[in-house]
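Here is how the chains run, residue by residue.
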Amino acid sequence: MPDPLPLQKTAGYDMQSKSVMREGKSMKIAFDIDGVVLNSIEVILEHINRVMGKNIVIDELVSWELEDLGVDFKTLWAAVDYMYHQPRVEPYHGALETLTKIHQETGEPLLFITGRRDPETALRQLRALDWNGHMPEIIVTGGTRDKRTYLLDNAVDFIIEDDVRHFRDYIEAGVGVGLMVRPWNRKASVPVTRRFEGWHDLWEWVREVKSLDG
Ligand SMILES: [Mg+2]
């Protein structure tokens with residue numbers, strides 16, 4: 001994690017000089033899953049609090065590095081593994097609605113890139129969500145926290161992500177980064193292409209860049 005310095009103004013960040021990003025309808029967007037679509041951190045924290053007798057709340061997090069809050073690596077990974085095995089993890093407000101609209105308006109499969117070592121666990125949890133009879137075509141890939149390989153292999157132009165660790169790398173690789181603002185990244189000082197305060201905000205942006213009707 002970068003130092004938790006105050007957020008820099010990022011609107012003026014000169015991304016265009018390095019980016020070969022397509023614009024308009026053909027812009028290919030990928031979505032991270034944990035912390036963006038699924039409220040996985042809540043499941044992880046509940047497990048940690050239960051086994052350690054702690055009371056860590058999400059708003060206390062200033063980074064993804066829970067070791068800073070006195071959680072040892074073993075406990076953390078046991079909690080993450082516990083989350084991976086859940087049949088269902090709650091989505092964030094507006095996530096399914098927006099993803100469904102994007103899928104319906106573009107007619108394209110939804111592409112998710114996860115840092116999970118076993119992307120299959122994430123695919124299973126996405127399929128278990130209540131899509132209200134409109135389950136979109138879902139592609140899940142990934143396997144490492146640094147997603148550059150998957151971004152380039154899939155010709156992604158823009159990723160929606162909550163983990164700021166590799167933002168600079170992605171931008172340097174010509175991929176735009178949309179930060180889904182969460183408690184653990186709100187103070188991170190990294191270059192971002194666009195910040196999103198939630199899924200409705202994200203929908204307004206997608207609708208604009210892809211010229212959708214919705
Ligand atoms: Mg994430």
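Keep in mind that what you see is a predicted model, and the values were worked out from it rather than measured. Starting from 1, residues in each chain are numbered consecutively following that chain's sequence as written. Two thresholds apply to this predicted model, a pLDDT of at least 70 for residue-level local features and 80 or more for giving and counting side-chain atom pairs, whereas whole-chain, interface and lining totals are computed over all residues.

Comments concerning the overall build of the protein
Then, number 1: From N to C terminus, the protein includes seven helices and six strands.
Then, number 2: Overall, the protein shows an N-to-C arrangement of helices and strands of β-α-α-α-β-α-β-α-β-α-β-β-α.
Then, number 3: Scaling as 2.2 N^0.38, a compact globule of 214 residues should have a C-alpha radius of gyration of about 17 Å, and the protein matches this with 17 Å.
Then, number 4: Seen through its principal axes, the protein has C-alpha atoms that stretch 50 × 40 × 30 Å.
Then, number 5: Residue burial in the protein is summarised as follows: out of 214 residues, 35% are buried.
Then, number 6: For the protein, contacts bridging at least 24 residues in sequence account for 65% of all contacts bridging at least 6. Going along the chain from the N terminus, every DSSP run of H or I of four or more residues is numbered as a helix, and every run of E of two or more is numbered as a strand. Just to be clear, the radius of gyration here is over C-alpha atoms, and the globule rule we use is 2.2 Å times residues to the power 0.38. Put simply, a residue is buried when 20 or more other C-beta atoms lie within 10 Å of its own C-beta and exposed when 12 or fewer do; between those, it is partly exposed, and each C-beta is set from the backbone. We call two residues in contact if the C-beta atoms placed from their backbones are at most 7 Å apart.

Digging into the domain arrangement of the protein
Then, number 1: Each domain span listed reflects an automatic or database assignment of domains. With domains assigned, the protein is organised as domain 1 (24-37 + 91-209) and domain 2 (40-84).
Then, number 2: Relative to domain 2, the C-alpha centre of domain 1 lies at a distance of 23 Å.
Then, number 3: The interface is formed by nine residues belonging to domain 1 together with nine residues belonging to domain 2.
Then, number 4: Under the convention adopted here, Pro, Cys and the residues Ala, Val, Leu, Ile, Met, Phe, Trp and Tyr are nonpolar, Asp, Glu, Lys and Arg are charged, and Gly plus all remaining residues are polar. A class-by-class count of the residues in the side of domain 1 that touches domain 2 yields two nonpolar, two polar and five charged.

With respect to helix H2 (residues 73-84)
Within an α-helix, residues lying three or four positions from one another point in the same direction, as the helix has 3.6 residues per turn.
Then, number 1: For a helix, the expected span equals 1.5 Å multiplied by the number of residues minus one. For H2, which comprises 12 residues, the first-to-last C-alpha distance of 16 Å matches the rise-based estimate of 16 Å (1.5 Å per residue) to within 8%.
Then, number 2: Listed as buried for H2 are Ala79, Val80, Met83 and Tyr84. Around the axis of H2, the buried residues are gathered within 145° of arc, so they sit on the same side. The exposed residues of H2 that point more than 90 degrees off its buried face are Lys74 and Asp81.
Then, number 3: In the core, the buried residues of H2 are packed alongside helix H1 (40-52) and helix H4 (119-127). The reported arc concerns the directions from the helix axis to the C-beta atoms and nothing else.

Some remarks on the nonpolar core
Then, number 1: Here, a nonpolar core means buried Ala, Val, Leu, Ile, Met, Phe, Trp, Tyr and Cys residues linked by C-beta atoms lying within 7 Å of one another. Of all hydrophobic cores here, the largest spans 51 residues; its most connected members are Ala30, Phe112 and Ile159.
Then, number 2: Structurally, this core is a two-domain feature, drawing no fewer than three residues from each of domain 1 (24-37 + 91-209) and domain 2 (40-84).
Then, number 3: When neighbours within four sequence positions are excluded, isoleucine 159 is seen to be in contact with Ala30, Asp32, Ile113, Lys147, Leu151, Tyr170, Val175, Val177 and Gly178.

Re the environment of alanine 188
Then, number 1: Along the chain, alanine 188 turns up in the loop between strand E5 (176-180) and strand E6 (194-196).
Then, number 2: What makes alanine 188 buried here is the crowd of 25 C-beta atoms within 10 Å.
Then, number 3: A C-alpha to C-alpha distance of 8.0 Å links alanine 188 and serine 63, two positions 125 residues apart in sequence.

Details of the pairing of E5
Then, number 1: Within E5, five of the five residues are buried, which leaves it mostly tucked inside the rest of the structure.
Then, number 2: Side chains Gly176, Gly178 and Met180 project from E5 onto one buried face, and the interleaved Val177 and Leu179 project onto a second face that is buried too.
Then, number 3: Note: two strands are recorded as paired if DSSP finds a minimum of 2 bridges between them. For strand E4 (residues 158-161) and E5, the ladder comprises four bridges, and the chain directions are parallel. Note that in E5 the partner of glutamate 161 across the bridge is leucine 179.
Then, number 4: Since E4 and E5 lie parallel, the crossover through helix H6 (residues 167-172) that links them has a hand, and here it is right-handed. The crossover handedness rule: strands pointing away from the viewer, path from first strand over the helix to second strand clockwise, crossover right-handed.

Notes on the sheet that holds E6
Then, number 1: As summarised here, the arrangement of the six strands in space is E3-E2-E1-E4-E5-E6, forming an open sheet in which the pairing is parallel. Unpaired on one side and paired on the other, strand E3 (138-142) and E6 mark the two borders of the sheet. Taking the axes of each pair of neighbouring strands and ignoring which way they run, one obtains an average angle of 30° across the sheet.
Then, number 2: With two bridges joining them, strand E1 (residues 29-31) and strand E2 (residues 110-114) adopt parallel strand pairing. Paired with alanine 30 across the bridge in E2 is leucine 111.
Then, number 3: Working convention: axes come from line fits to C-alpha atoms, limited for helices to the stretch in contact. Angles between N-to-C directions cover 0 to 180 degrees. Each of E2 and E3 is contacted by H4, which is oriented at about 155° to E3, the strand it contacts most.

Observations concerning the packing of helix H3 (residues 95-106) against helix H7 (residues 199-209)
Axis angle and axis distance: for two packed helices, these are the angle between their axes and the distance between the axes, and together they describe the pair.
Then, number 1: In the contact formed by H3 and H7, the axes pass within 9 Å of each other and the chain directions differ by 15°. Here H7 runs roughly parallel to H3, going by the angle between their axes. Crossing of H3 against H7: the hand is left-handed. From H3, Ala95, Thr98, Lys101 and Ile102 reach across to H7, where they touch Trp199, Leu202, Trp203 and Val206.
Then, number 2: Taken together, the residues of the contact of H3 with H7 sort by class into six nonpolar, one polar and one charged. Oblique is the label for any angle not covered by the other classes, which are roughly parallel (under 35 degrees), roughly antiparallel (over 145) and roughly perpendicular (65 to 115). Crossings are classed by handedness, with left-handed meaning an anticlockwise turn of the near helix from the far one by less than a right angle and right-handed meaning a clockwise turn.

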